[in-house]
Amino acid sequence: MKELLQTLGPVCAVIGAQWGDEGKGKVIDILAEHFDVIARACGGANAGHTIVVNGKKHVFHLLPAGSLHEKKILLGSGMVIHLPTLLEEIQTLRDAGIDVVPRLSISAGAHIVLDYYRDIDGVMEQRRTETSGGKIGTTKRGIGPAYIEKAARSGMRMGNLSGYFSSPIKADLGKELRVRKTLAKEMFGVDVDTTTEEANLRAAYDTVGSCVIQMDEVFTLLQGTGKRILIEGAQATLLDIDHGTYPYVTSSSTTVAGALQGLGLPPKMLTSCIGVAKAYCTRVGEGEFLTEETGEIGERLRERGGEYGATTGRPRRCGWLHMPDLNFSTHINGFSCWNITKLDVLDEEDIIRVGGPRGTDGTVTFTELPGWKTSTRGITAFEDLPKNAQTFLRLIEERTSVPVNFIGTGPGREEMICRS
Ligand code: GDP
Ligand code: IMO
Ligand code: MG
């Protein structure tokens, strides 16, 4: 691990290479103890990052999955934050004896997801179903509406909170909410409960108001001498608003470039980027999935992999690894190495299929490898893996020209092969 950490260097990003839920949270949790600042850059509570420590499951939506470690936590400007969800997460950790507030910083530039954005999200999905190519299958966490507000420059930001509740000349929150209420009704037929919205903002100000920092303080936090920064990507490359499978994407920039932008971190500071991909592939929501298995195989992967969304509980669509997607993600993010996760889920497969380019008839060509038919669960050394599993991982290395340095062999913190 020591050698591996050296190659990662002081500023490391962890980025999903598929359609999310690759297991980013787990590698973040493992690496976090070696860094000083753990930062989420983009997205919101559409993310669900699950880690398992001593058999106990922890799910993070807004706080980084590295939050169990006594490190500084940053929620960057690129994020959209649903405040009641954040407070709930803080409380859950408090119940477990961990208070993150003293080490939490939130950029004043991060946007607030008001409660009614979630209703608008639902209405927009319904309208898509009725009028266009169909719904996206969003998490209904108000992500799209929050980024619409941001792009329209009418969003409410974390930096606004103090103006509402503490400045000598108070900004008129009541008026702001009344205007929003009228607009939401006119445009989407959505009712805004201004009392609840105000109470949510107040509660957030009381709990995390002191955590809000200005951009120059963000720079100091991130660029202070000798700081080691771990960047926790959310969502994943194929869900990127610019480079993903549009329109079946999220509304933020999920690539490494988006993460740097979301934090305000100069690209030259980045020393490594870990690409995270499952040993197979999953997707929640609509959109193309060329290697999807809709029958028995998909069902088996779903059950063995526990493929149900951490945010919405929806069953994830399952299929095989698709090499062109891994190469695409590598090109966009410049991965230094892979974390191939959930290898153990394939333990009982007779044949492992790996999707390649499309043939002349438009369908994906597959390479078929023999399975290993033995448990890899909990293995921590590459040499201890069955030969066929090693061959599978080497194929990924050969076809992407990126080394596989982390291999997940179970959900637990210790169930990981780290090799350099
Ligand atoms: P994220 O959104 O990328 O952080 O991934 P999620 O947490 O949404 O989904 C990954 C799921 O797989 C979680 O339930 C993890 O506990 C689990 N997981 C992660 N790595 C492994 C692994 O190597 N093997 C197995 N069996 N489960 C894993
Ligand atoms: P993590 O960080 C998997 C998907 C949704 C939907 C599309 C748009 O846990 O990997 P949105 O609510 O963002 O407007 O939904 O994006 N999606 C995710 N899928 N993992 C995620 O995050 C996701 N975040 C968004 O399912 O298809
Ligand atoms: Mg997830």
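Bear in mind the structure is a predicted one, so any value in this text is a computation, not a measurement.

Trainee: Mind showing me how you'd approach empty space enclosed by the protein here?
Mentor: Any empty space left between atoms is shown by rolling a water-sized probe over those atoms. For the structure shown, the criterion picks out four cavities of 30 Å³ or more. Considering only enclosed or pocket space, the largest cavity measures out at about 40 Å³ in volume. For the largest cavity, the full set of lining residues is Ile15, Ala41, Cys42, Glu232, Gly233, Ala234, Ser253, Thr254, Thr255, Gly258 and Ala259. The set of elements that each furnish at least two residues to the lining of the largest cavity consists of strand 2 (37–43) and helix 10 (256–263). For the lining of the largest cavity, the class distribution of residues is five nonpolar, five polar and one charged.

Trainee: Can you walk me through helix 2 (residues 24–32) in this structure?
Mentor: Turn by turn, an α-helix covers 3.6 residues, leaving residues three or four places apart pointing in a common direction. With nine of nine residues buried, helix 2 is to be regarded as a mostly interior element. Among the residues of helix 2, Lys24, Gly25, Lys26, Val27, Ile28, Asp29, Ile30, Leu31 and Ala32 are the ones counted as buried.

Trainee: Would you mind going over the pairing of strand 14 (residues 337–341) with me for this structure?
Mentor: Sheet faces and side chains relate simply in a regular strand, where the side chains alternate between the two faces. Burial runs high along strand 14: five of the five residues are buried. Here strand 14 shows a buried face lined by Cys337, Asn339 and Thr341 and a second buried face lined by Trp338 and Ile340. Strand direction decides the pairing type here: strand 10 (residues 272–278) and strand 14, joined by five bridges, are parallel. Opposite Lys278, over in strand 14, you have Thr341 as the bridge partner. Direction of pairing for strand 14 relative to strand 17 (residues 404–408): parallel, over a ladder of three bridges. Within the sheet, the bridge partner assigned to Trp338 lies in strand 17 and is Val404.

Trainee: I keep staring at helix 5 (residues 143–151) and nothing clicks. Help me out?
Mentor: Among the residues of helix 5, Ile143, Gly144, Pro145, Ala146 and Tyr147 are the ones counted as buried. Residues of helix 5 that are buried in the fold lie against strand 2, strand 5 (72–81) and helix 4 (115–131). Arg153 sits one or two positions beyond helix 5 and adopts a positive phi of about 60°.

Trainee: Looking at this structure, I do not really get the coordination of the magnesium ion (ligand 3). What am I missing?
Mentor: By definition of the ideal shapes, a tetrahedral metal site with four donors has angles of 109.5 degrees and an octahedral site with six donors has angles of 90 or 180 degrees. Surrounding the magnesium ion (ligand 3) are the protein donor atoms Asp21 (OD) and Gly48 (O), at 2.0 to 2.1 Å. Taken together, the residues Asp21 in the loop between strand 1 (11–16) and helix 2 and Gly48 in the loop between strand 2 and strand 3 (49–53) connect sequence positions 27 residues apart.

Trainee: Looking at this structure, how should I read the domain arrangement of the chain?
Mentor: Once the domains are mapped, the chain shows domain 1 (2–109 + 214–418) and domain 2 (111–211). Measuring from the centre of the C-alpha atoms in domain 1 to the corresponding centre in domain 2 gives 28 Å. At the junction of the two partners, domain 1 supplies 35 residues and domain 2 supplies 27 residues. Summed over both sides, the interface between domain 1 and domain 2 buries roughly 2,500 Å², with carbon and sulfur atoms accounting for 63% of that surface. For the domain 1 face of the interface with domain 2, the top three residues by lost area are Val80, His82 and Leu83, together amounting to 23%. On inspection of domain 1 and its partner domain 2, the count reaches zero salt bridges. Our enumeration of links across domain 1 and domain 2 arrives at 11 residue pairs in polar contact (both at pLDDT 80 or more).

Trainee: Help me out: how do you make sense of the site of ligand 2 in this one?
Mentor: The environment of ligand 2 is made up of 20 residues, and the closest members are Asp21, Lys24, His49, Thr139 and Thr250. In this structure, an oxygen atom belonging to ligand 2 sits 2.7 Å away from a side-chain N or O atom of Lys24. The contact in question runs from an oxygen atom of ligand 2 to an N or O atom on the backbone of Val284, over 3.0 Å. If ligand 2 stood free it would expose 550 Å²; the protein chains cover 98% of that surface.

Trainee: Explain the environment of Ile81 here, please?
Mentor: Structurally, Ile81 is set in strand 5. A residue is classified by how much of its surface remains accessible, and Ile81, at 0% relative accessible area, is buried. The spacing of Ile81 and Val192 is 111 residues in sequence and 18 Å in space, taken between C-alpha atoms. Excluding anything up to four places from it in sequence, Ile81 contacts Leu62, Leu75, Leu86, Ile106, Ala110, His111, Ile112, Val113 and Met158.

Trainee: I would appreciate a short explanation of the sheet that holds strand 16 (residues 364–370) in the present structure.
Mentor: Pairing between the strands of a sheet comes from backbone hydrogen bonds, and it takes one of two forms, parallel or antiparallel. The strand order across the open sheet formed by three strands is 13-15-16, and the pairing between neighbours is mixed. Edge positions in the open sheet fall to strand 13 (321–322) and strand 16, since each of these has one partner strand only. Both strand 15 (residues 351–358) and strand 16 contribute to a ladder of six bridges, which runs antiparallel. Directly across from Ile352, in strand 16, lies its bridge partner Leu369.

Trainee: Explain the site of ligand 1 to me, please; I cannot follow it from the model alone.
Mentor: Near ligand 1 there are 17 residues, and of these Gly23, Lys24, Gly48, Thr50 and Asp344 occur at the shortest range. With respect to ligand 1, the backbone of Gly48 contributes an N or O atom lying 2.7 Å from an oxygen atom. Separating an oxygen atom of ligand 1 from a backbone N or O atom of Gly408 is a distance of 3.3 Å. Looking at the shell around ligand 1, the element that brings in the most residues is helix 2, giving three residues. The class makeup of the residues in the shell around ligand 1 is two nonpolar, eight polar and seven charged.

Reading the values: the criteria
Here the residue numbering is sequential within each chain, running from 1 through the sequence in written order. Numbering of ligands from 1 and lettering of chains from A proceed in the order in which they are written. Confidence filtering applies because this is a predicted model: local features only for residues at pLDDT of at least 70, side-chain atom pairs given and counted only at 80 or more, and all residues used for totals across whole chains, interfaces and linings. Side-chain numbers here rest on the full set of heavy atoms in the structure, without hydrogens or water. Note on definitions: the grid is 1 Å and covers protein atoms alone; a cavity is a set of points where a 1.4 Å probe fits but cannot get out; a pocket is an open set with protein on both sides within 12 Å along at least five of seven lines; lining residues have an atom within 4 Å of a point. Grid points are joined across faces, edges and corners, and a volume is the space filled by probe spheres set on the points. Strands are runs of DSSP state E lasting at least 2 residues, helices are runs of H or I lasting at least 4, and numbering of each runs from the N terminus. Only Asp, Glu, Lys and Arg are considered charged, only Ala, Val, Leu, Ile, Met, Phe, Trp, Tyr, Cys and Pro nonpolar, and every remaining residue, Gly among them, polar. Here's how the labels work: a residue is buried when its accessible area is under 20% of the maximum for its type, exposed when over 50%, partly exposed in between, all with a 1.4 Å probe on protein chains only. At least two DSSP bridges between two strands are required for those strands to pair. Contacts were defined at the residue level, with two residues in contact if any of their heavy atoms lie within 4.5 Å. Listed donors are limited to N, O and S atoms within 2.8 Å of the metal, widened to 3.2 Å for Na, K and Ca; water is not among them, so incomplete-looking sites are possible. Domain segmentation is taken from an automatic or database assignment of domains. What counts as buried area is the accessible surface, traced by a 1.4 Å probe, that two parts surrender upon association, with contributions from both included. A pair is scored as a salt bridge if a Lys or Arg side-chain nitrogen falls within 4 Å of a carboxyl oxygen belonging to Asp or Glu. A 3.5 Å cut-off defines polar contacts: any pair of N or O atoms within that distance qualifies, except that in protein one atom must be a possible hydrogen donor and the other a possible acceptor, and neighbouring residues in sequence count only when both atoms are side-chain atoms. Distances are taken per atom, and a residue is near a molecule or strand as soon as one of its heavy atoms is within 4 Å of it. Only the protein chains shown count as covering a residue, and every accessible area follows the Shrake-Rupley method with a 1.4 Å probe.

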